[in-house]
Amino acid sequence: SCNHVITHLPSHALRRLFYAKIMRFKLSPTASVFMGTHFENPSYFSMGDSSVVNARCKLDNRGGIEIGRCVAISEECCLLTAGHDPRSPSFTGDLIAPIIIEDYVWIGTRALILPGIRLGQGCVVGAGSVVTQSVEPFTIVAGNPARKIGERPRVLDYDPYYRRWFH
């Protein structure tokens with residue numbers, strides 16, 4: 001299976017080929033998905049230029065995940081697009097909603113992004129944060145639940161693209 005074999009291949013090129021041809025993901029040629037990243041299934045996933053998903057992230061893409069350009073997702077983040085309705089007596093009524101991450105977003109290590117969240121352009125999610133509501137552009141949030149703690153400059157011009165050997 002993808003998560004037990006492909007994600008552990010120490011070759012970006014082989015993983016990218018599998019994601020593009022078999023999983024049908026839309027990946028920019030300069031997008032990087034590091035080893036150990038777990039995808040829930042072959043549902044919609046797209047990733048823009050120079051964006052990076054670091055090692056050991058969980059991407060529950062059942063509801064779809066769209067990642068813009070120059071996005072940095074740190075190690076061990078969890079993006080959930082599906083869950084259960086806690087008010088359902090039978091634990092049914094799956095909640096499924098896409099996650100949209102706009103350009104120049106930075107998500108810190110071990111952050112959790114819940115279904116239906118939009119992370120606005122240039123925003124930052126602090127390490128270990130739990131994002132329960134969409135985040136406005138250029139806003140810095142942190143905590144559980146994530147709350148605004150600051151703002152970023154309105155003009156961002158950097159390229160987080162990188163690849164490490166055997167990762």
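Visitor: Provide a residue-level description of helix α1 (residues 12-21), including the pertinent values.
Guide: Count 3.6 residues to each turn of an α-helix, and residues three or four apart come out pointing the same way. Along α1, the residues that are buried comprise His-12, Arg-15, Arg-16, Phe-18 and Tyr-19. The buried side chains of α1 occupy one side of the element, clustering within an arc of 165 degrees when seen end-on. Residues of α1 that are exposed and point more than 90 degrees away from the buried face comprise Ala-13 and Lys-21. The inward-facing, buried residues of α1 contact β1 (26-27), β2 (32-33) and β3 (38-39).

Visitor: Explain the layout of surface pockets to me, using residue names and the numbers behind them.
Guide: Reported here for the largest pocket is a volume of approximately 160 Å³. Lining the largest pocket are Val-130, Val-131, Thr-132, Gln-133, Ser-134, Val-135, Glu-136, Thr-139, Val-141, Ala-146, Arg-147 and Lys-148. Counting residues per element, the ones that place at least two in the lining of the largest pocket are β17 (130-131), β18 (139-142) and β19 (147-151). Across the lining of the largest pocket, the residue classes tally to five nonpolar, four polar and three charged.

Definitions and limits used
- Throughout, a residue's number is its position along its own chain's written sequence, starting from 1.
- Per-residue local features of the predicted model are confined to residues with pLDDT of at least 70, and side-chain atom pairs are confined, for both listing and counting, to 80 or more; whole-chain, interface and lining totals are unaffected and use all residues.
- In computing side-chain properties, one takes all heavy atoms of the structure into account and sets aside hydrogens as well as water.
- Throughout this description, buried means an accessible area under 20% of the type-specific maximum (1.4 Å probe, protein chains only), exposed means over 50%, and partly exposed covers the range between.
- Numbering of helices and strands runs from the N terminus; a helix is a DSSP stretch of H or I covering at least four residues, while a strand is a stretch of E covering at least two.
- Arc, as used here, means the arc of the directions from the helix axis to the C-beta atoms.
- In this analysis, two residues are considered to be in contact whenever any of their non-hydrogen atoms come within 4.5 Å of each other.
- Cavity and pocket criteria rest on a 1 Å grid covering protein atoms alone: a 1.4 Å probe that fits but cannot get out defines a cavity, protein on both sides within 12 Å along at least 5 of 7 lines defines an open pocket, and an atom within 4 Å of a point defines a lining residue.
- Grid points are joined across faces, edges and corners, and a volume is the space filled by probe spheres set on the points.
- Amino acid classes used here: Ala, Val, Leu, Ile, Met, Phe, Trp, Tyr, Cys and Pro are nonpolar; Asp, Glu, Lys and Arg are charged; the rest, including Gly, are polar.

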